[in-house]
Amino acid sequence: MTETWLRKHRLLYVGATRHSLIHAIRDGNIDISAFKTWLGQDYIFVRAFVPFIASVLIKAWKESNDRDNDVEVILGGVSALNDEISWFKKEASKWGVQLSNIVPQKANQEYCRFLESLTSPEVEYTVAIVAFWAIETVYQESFAHCLEEDSKTAPELKETCQRWGNQGFAEYCNSLRKIADRQLENASDDAITKAEATFLQVLEYEVEFWNMSHGGT
Ligand SMILES: Cc1ncc(CN)c(N)n1
């Protein structure tokens, strides 16, 4: 199912994973103030991501089978997020970004509100895991692009790209995708429709999120 969606919504997916900010990092001509804006805004986002992951974990614990390993995969995500939060603090101090002074921009507020809406117990596990897979995968695909052989990513931004572009993170995204596909195989038509709409919303929010660093709201 996810393969069909990726094909059907290719344009939007490419828009989210090959944004001009990613091209600028990859081509070595990123405006550092855009990078700093992204850094501060993403710190706010990852903090809002914590209750979202916790809600997916609860849904997995209630609805998945022990032998399917869903809880372990999601716990891996919790651990990655814990590292991510520490990394943001370290990286912010390296670039002189004051995290306590950051005001969330409109696109970020809306994305965080969307995440919060997905934490509701009424949102099915299938829908939540699709959102989770899509959110993580956009970053994986985007930053992995900046590490390809012909990229000209500046050395001081390589660590940022490694954080999401590394092989371990790719394998974790793949595990999330397998869970999403397994859930979708057994889902009702209504849940599939909702999950596809959620997938599209994630891609749209991700594009808007990148846009903030170019002076978007
Ligand atoms: C906006 C956004 N999307 C995804 C990720 C990856 N956890 C992130 N840190 N920020």
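The structure presented is a predicted model; accordingly, all values stated were derived computationally and were not measured.

Attention shifts here to the environment of Val46. Looking at the secondary structure, you find Val46 in helix α4 (residues 32-63). Sequence-wise, Val46 and Cys112 are 66 residues apart; in three dimensions their C-alpha atoms are separated by 9.2 Å. Aside from chain neighbours lying at most four places away, what touches Val46 is Leu81, Glu84, Ile85 and Phe88.

For the rest of this paragraph, the subject is the site of the ligand. Taken together, Asp42, Phe45, Val46, Phe49, Glu84, Tyr111, Ile135, Glu136, Tyr139, Trp164, Glu206 and Phe209 make up all the residues around the ligand. The side chain of Asp42 places a nitrogen or oxygen atom 2.6 Å from a nitrogen atom of the ligand. Residue Tyr139 places a side-chain N or O atom 3.2 Å away from a nitrogen atom belonging to the ligand. Expressed as a share of its isolated accessible area of 290 Å², the protein-covered part of the ligand is 100%. The pocket occupied by the ligand, as judged from atoms lying within 2 Å of grid points, is the largest cavity.

Taking the numbering used here, the UniProt-annotated feature "active site" (unreviewed entry) corresponds to Glu206. With respect to the secondary-structure elements, Glu206 resides in helix α10 (residues 189-212). Look at Glu206 and you get buried, because its relative accessible area is 2%. Apart from residues lying up to four places away in sequence, Glu206 is in contact with Ala16, Tyr111, Ile135, Val138 and Tyr139.

Rules used throughout
Residues numbered from 1 in each chain as written. Predicted model: local features only at pLDDT ≥ 70, side-chain atom pairs only at ≥ 80, totals over all residues. Heavy atoms only, no water. Helix = DSSP H or I, 4+ residues; strand = E, 2+ residues; numbered from the N terminus. Contact = heavy atoms within 4.5 Å. Near = heavy atom within 4 Å. Polar contact = N/O pair within 3.5 Å; in protein donor to acceptor, adjacent residues only side chain to side chain. Areas by Shrake-Rupley, 256 points an atom, 1.4 Å probe, with all protein chains shown as cover. 1 Å grid on protein atoms, 1.4 Å probe; cavity = no way out; pocket = protein on both sides within 12 Å on 5 of 7 lines; lining within 4 Å. Sits in = over half its atoms within 2 Å of the grid points. UniProt positions renumbered as here; feature names shortened; annotations may be inferred. Buried < 20%, exposed > 50% of the residue type's maximum accessible area, 1.4 Å probe, protein only.

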